[in-house]
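In case you want the letters, here they are:
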Amino acid sequence: MAATTGPAFRASRRGQVLLTAVMLALLAFTVAPLYWLAIASTHTSHDIFGRPPQLLPGGELGTNLGHLEESVGFGRVVLNSLLLSVTYTVLGGIVCTLAGYGFAKFRFRGQGLMFSVLLLALVVPTQLTIVPLFKMMVNLDWLNTYQAVLLPNLALPFGIFLMRQSMGSLPDELLQAGRIDGCGELRLFLRIALPTMRPALAALAMFLFLFQWNDFLWPLIALRDPASYTVPVALAALTGSSDVDYGQLLTGTAVAAVPMAVLFLFLQKHFVSGMLAGAVKQ
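What comes next is a walk through the structure. (Residues numbered from 1 in each chain as written. Predicted model: local features only at pLDDT ≥ 70, side-chain atom pairs only at ≥ 80, totals over all residues. Heavy atoms only, no water.)

## With respect to unusual backbone geometry
Stage number 1. Even without being a glycine, D141 presents a positive backbone phi close to 60 degrees.
Stage number 2. Within the element layout of this structure, D141 appears in the loop between α6 (130-140) and α7 (146-150).
Stage number 3. A positive phi is found at N144, a non-glycine position, where the angle reads about 65 degrees.
Stage number 4. One can find N144 in the loop between α6 and α7.
Stage number 5. A relative accessible area of 29% means that N144 is categorised as partly exposed. (Helix = DSSP H or I, 4+ residues; strand = E, 2+ residues; numbered from the N terminus. Buried < 20%, exposed > 50% of the residue type's maximum accessible area, 1.4 Å probe, protein only.)

Quick look at the structure:
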């Protein structure tokens, strides 16, 4: 009984209460902007900047969506972004997984140099590659096409690095046993390596989808036709005039956040374990 009423127990309870209070404060600090975004999307620009601030939902969501559709064809824009993001996630996932598997489980000449170049690419700012990449797209006559948006970043350095680290935790003995049983390299990869990498694949898929969904600078340069715009580019086009309708702008931002939230809810149980997979190489 004394163990549950003594000074040590009371100090432990106070520590738990303090930790809970700090975590709740951090949660409120994180959720507050998202809550305000959702509320602002249901109000007009006049109400958004009114005093006192609006903290409850309004009735202008349908009106804002209608204005958004009239301004940039937002339904088509969302479909464009979904098409690009899903395609990029699938193709980029294949490339990054195969490259990571090759770096982790094969030994070849120049492997160390190639991996060093890959790590160097992680710290090179994207802005430095814009001009040469733009000239390449002009020479290929790919401007204003979706392949110009998709192909340059398929072999994403971070994705390859993540999968290489994850594949490094796969026991070599397991792969060698498959080879002894007559399993070919492709079948070995599909039947043995991939099933053990599900958490890492979930983390990779989430990262690739969000990377493409949120990408703004390169689609802004590569896409010229408003009918081909992605969500970030279309929302940026709304701010080009002096009179900005913040009601429709924040409505578009709120709608754009929905796919990311849904994806995270589906993959959250795999995301943390996937990001940590291979952090300590076996």
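## Side note on the packing of aromatic side chains
Stage number 1. A complete count under the given rule lists nine aromatic pairs for this structure.
Stage number 2. Between Y101 and F106, the aromatic rings sit 5.6 Å apart at their centres with planes inclined by 80 degrees, giving edge-to-face as the arrangement.
Stage number 3. Ring centres 6.2 Å apart and planes at 45 degrees place the aromatic pair F103 and F108 in the tilted group.
Stage number 4. An aromatic cluster is present here, built from F103, F108, F115 and F161 joined pairwise through their rings.
Stage number 5. When the ring centre of F115 is taken as origin, the NZ or CZ atom of R164, which lies over that ring, is 4.3 Å away. (Phe/Tyr/Trp six-rings, centres within 6.5 Å; stacked < 30°, edge-to-face > 60°. Lys NZ or Arg CZ within 6 Å of the ring centre and 35° of its normal.)

## Description of helix α3 (residues 61-72)
Stage number 1. Across its 12 residues, α3 extends 16 Å between first and last C-alpha, which sits within 8% of the 16 Å expected from 1.5 Å per residue.
Stage number 2. When we look at burial in α3, the residues that qualify are N64, L68 and V72. Axial view of α3: buried residues confined to an arc of 40 degrees, hence all on one face. For α3, the exposed residues set more than 90 degrees away from the buried face come down to G62 and E70. (Expected span 1.5 Å × (residues − 1). Arc of directions from axis to C-beta.)

## Details of a nonpolar patch on the surface
Stage number 1. Residues L24, L27, V31, Y35, L55 and L56 make up a contiguous nonpolar surface patch of roughly 610 Å² in combined accessible area.
Stage number 2. Position of L24 among the secondary structure elements: in helix α1 (residues 7-40). (Patch = residues over 30% accessible without salt bridge, like charges linked within 9 Å, V, L, I, M, F, W, Y side chains within 5 Å. Areas by Shrake-Rupley, 256 points an atom, 1.4 Å probe, with all protein chains shown as cover. Salt bridge = Lys/Arg side-chain N within 4 Å of Asp/Glu carboxyl O.)

## Topic: the environment of L175
Stage number 1. Relative to the assigned elements, L175 resides in helix α9 (residues 172-180).
Stage number 2. Along the chain, L175 and A193 lie 18 residues apart, while their C-alpha atoms are 7.9 Å from each other.
Stage number 3. Non-local contacts of L175, meaning those with residues more than four positions away in its chain, are made with Y101, K105, L170, L188 and I192. (Contact = heavy atoms within 4.5 Å.)

## Notes on the nonpolar core
Stage number 1. Judged by nonpolar contacts, the single largest core of 55 residues is most densely connected at F74, Y101, M167 and V231.
Stage number 2. Tallying contributions element by element places helix α4 (residues 74-105) first for this core, with nine residues.
Stage number 3. If we ignore the near neighbours within four places in the chain, the residues touching V231 are F74, V77, V78, S81, W213 and A256.
Stage number 4. With five residues, the next largest nonpolar core counts L37, A40, I48 and L250 among its residues. (Core = buried A, V, L, I, M, F, W, Y, C linked by side-chain atoms within 4.5 Å.)

Interpretation note: all reported values are geometric properties and have no functional meaning in isolation.
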